[in-house]
Amino acid sequence: MTSLPVSSTLPDLLSGGPYQGYTYGYPHKTAYRAFESPLPLREVWAGEDKSSLFLYLHIPFCEMRCGFCNLFTTVNAPVSLEQGYLDATERQAEVVADALGDATFSRMAIGGGTPTYLEVGDLERVFDLLERSFGASAARLPTSVETSPATATPERLELLRERGVERVSIGVQSFTESEVHSVGRAQQHKQVVTALDAIRAAGLPVLSIDLIYGLAHQTPETWLESLKTALTWAPEELFLYPLYVRPLTGIGRLGRTWDDERLELYRLGRDFLLASGYLQTSMRCFQLASQPIAVEPEYTCKTGGMVGLGCGARSYTQALHYSSEYAVGAVGVREIIQDFVARPAERFGYVSHGIRLNTDEQRRRFVLQSMLNIVGLDVGMYRQAFGSDPHGDFPQLAELEAAGLAFQQSGILRLTPAGLEQSDALGPWLYSPVMVRLSEEYAWR
Ligand SMILES: C[S@@+](CC[C@H](N)C(=O)[O-])C[C@H]1O[C@@H](n2cnc3c(N)ncnc32)[C@H](O)[C@@H]1O
Ligand code: SF4
């Protein structure tokens, strides 16, 4: 095939700064649209390889709405809405399991939002429904659950341990209260310490901690202090996220841009963790080198499909990605959840919102998902999957190598440290013009 269109040159791209957009799955949800007519789920999954699927359940409830967060979630949900949500998810799970037919899952995750916002009895209901409908038990599959400092209580953690959950991921963001308060996150240091102690006491195998850099009032010293404090719990994994919503009161030392500030903090964090026995597996993810983690934390799902349950969850087949509608604003999110809760079982048998991936888009997805991760782009595997050479399809790859941002070794193309820190610029560079346009035209609600 001829090479795929490129939106700008590498120097142009890099002059735009390293923080252009997080490639969390490609295409982005903002490129999804309503289908002309709903597609029967059974047909969507017919002919797919269902031997190693990823099961994901989204719980769109939180105790607070953090200023940096663009996830699909709602705060202060009445108990009736939560119960209605679980009832609807049970209806959906039965219909989806029936439409999938013979399917085998190789891992699962319960994310959000904050899944542990649910009470213990409701969490039990969640594990039961996954097991009943899909035979997916956390005791047999590598399973990950997201939690927050206020909701990681000993009772809930005990349930996660009993059920066999392997990985618990907690948002801390910063151990300095004024920094988290600057993004509207009402979190007390004492609460964070209690939660992390409780996770360790519960004996769950993998603790993953999220931290954010670029926060208001944050300095290299306070950032390093947060990292050091995090390591007192020896987490098996850490995620370092750049803040994307510009703080009103930045650290802004004279003559420096916010990009410079974030890049300095990124490098400081990376070097500190590398020197402390961690391996970097992507721009954001660091794992304890002495204890490699079996679960893939960033859900690369390069080849396997993903079955998403609940409202806001995405599902992937080879050529079709779909989800419920997407919103971030409080009213939009509530409307979408209420529609989900009111849905009769039959409606769960159809998908009405998503995007089709032609083979060009599938190639881009393959390159993006592998290149931005330590696994790297396996040139032979790409050739086998698409019958063409990735360098022929993507002239950008040779440019990256020439600029010292990527290198090839034993048939695998990987980013160098200089390339890795530009991941949030390089990802969007590889998006197709069609997907860029669809995301730009997306009407936020
Ligand atoms: C589902 S939450 C984690 C669990 C829990 N809700 C909490 O906040 O403690 C998602 C994580 O993604 C990270 N994150 C980084 N950038 C984000 C963004 N723009 N929107 C949402 N989450 C973001 C945050 O560090 C946050 O901890
Ligand atoms: S960061 Fe976590 S707690 Fe805050 S709004 Fe997002 S999902 Fe909810």
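Small disclaimer: the values here were computed from a predicted structure and weren't measured.

Colleague: I'm lost on the site of ligand 2 in this one. Help?
Modeller: Lining the immediate surroundings of ligand 2 are Cys62, Met64, Arg65, Cys66, Cys69, Leu71, Thr73, Gly112, Gly113, Thr114, Ser148 and Gly171. Looking at the shell around ligand 2 residue by residue, the classes come out as 5 nonpolar, 6 polar and 1 charged.

Colleague: Sorry if this is basic, but what is going on with the site of ligand 1 here?
Modeller: Taken together, 17 residues surround ligand 1, and among them Thr114, Ser148, Gly171, Asp210 and Tyr241 come closest. Of all elements in the fold, only strand S5 (105-112), strand S7 (167-173) and strand S8 (206-213) reach the threshold of two or more residues within the shell around ligand 1.

Colleague: Can you help me understand the nonpolar core in this one?
Modeller: Ranked by size, the top nonpolar core spans 69 residues in total, and within it Leu55, Met108 and Leu130 carry the most contacts. Of all hydrophobic cores here, the second largest spans 22 residues; its members include Leu368, Met371, Leu377 and Leu420.

Colleague: Would you mind going over the pairing of strand S17 (residues 406-409) with me for this structure?
Modeller: In regular strands, side chains alternate between the two faces of the sheet. Of the strand pairs in this sheet, S17 and strand S18 (residues 412-415) are connected by 4 bridges, and their pairing is antiparallel. Following the sheet pairing, Gln409 is matched in S18 by Ile412. In sequence, S17 turns back onto S18 through a hairpin of 2 residues, with Ser410 there showing a positive phi of about 50°.

Colleague: Help me out: how do you make sense of the domain arrangement of the protein in this one?
Modeller: When the parts of a complex come together, some accessible area is lost, and that lost area is often used as the size of the interface. Domain boundaries assigned for the protein yield domain 1 (10-24 + 358-441) and domain 2 (30-288). Relative to domain 2, the C-alpha centre of domain 1 lies at a distance of 26 Å. Residue-level contacts link 13 residues of domain 1 with 12 residues of domain 2. Elements supplying a minimum of two residues to the side of domain 1 that touches domain 2: helix H16 (423-429) and helix H17 (433-441).

Colleague: Hey, could you run me through unusual backbone geometry in this one?
Modeller: Among all residues save glycine, negative phi is the norm, and among peptide bonds the norm is trans. With an omega dihedral of -5°, the bond running from Tyr26 to Pro27 counts as a cis peptide bond. Note on placement: Pro27 falls in the loop between helix H1 (10-15) and strand S1 (33-40). Phi is positive for Asn76, which is not a glycine, with a value near 55°. Considering the arrangement of structural elements, one finds Asn76 in the loop between strand S4 (74-75) and helix H3 (79-100). We classify Asn76 as exposed; it has 11 C-beta atoms within 10 Å. If you check the backbone angles, Ala234 has positive phi at about 45° while not being a glycine.

Colleague: I tried to follow the pairing of strand S11 (residues 285-288) on my own but got confused; where do I start?
Modeller: Along S11, one buried face is formed by Cys285 and Gln287 and the opposite face, lined by Phe286 and Leu288, is buried too. Pairing of strand S9 (residues 237-242) with S11, which is carried by 3 bridges, proceeds in the antiparallel orientation. Among the inter-strand pairings, Glu237 is bridged to a residue of S11, identified as Gln287.

Colleague: Which parts of the structure should I look at to understand helix H7 (residues 189-202)?
Modeller: In an α-helix, one turn spans 3.6 residues, which is why side chains three or four residues apart end up on the same side. For H7, which comprises 14 residues, the first-to-last C-alpha distance of 20 Å matches the rise-based estimate of 20 Å (1.5 Å per residue) to within 8%. When H7 is considered as a whole, its buried residues turn out to be Val192, Ala195, Leu196 and Ile199. The arc that holds the buried residues of H7, viewed along the axis, is 95°, so those residues lie on one side. Pointing more than 90 degrees away from the buried face of H7 are the exposed residues Lys190 and Ala201. Its buried side turned inward, H7 meets helix H5 (154-163), S7 and S8.

Conventions adopted
- Residues numbered from 1 in each chain as written.
- Chains lettered and ligands numbered in written order.
- Predicted model: local features only at pLDDT ≥ 70, side-chain atom pairs only at ≥ 80, totals over all residues.
- Near = placed C-beta within 6 Å.
- Nonpolar A, V, L, I, M, F, W, Y, C, P; charged D, E, K, R; others polar.
- Helix = DSSP H or I, 4+ residues; strand = E, 2+ residues; numbered from the N terminus.
- Core = buried A, V, L, I, M, F, W, Y, C linked by C-beta atoms within 7 Å.
- Buried ≥ 20, exposed ≤ 12 C-beta atoms within 10 Å, placed from the backbone.
- Pairing = 2+ DSSP bridges.
- Domains from an automatic or database assignment.
- Contact = placed C-beta atoms within 7 Å.
- Expected span 1.5 Å × (residues − 1).
- Arc of directions from axis to C-beta.

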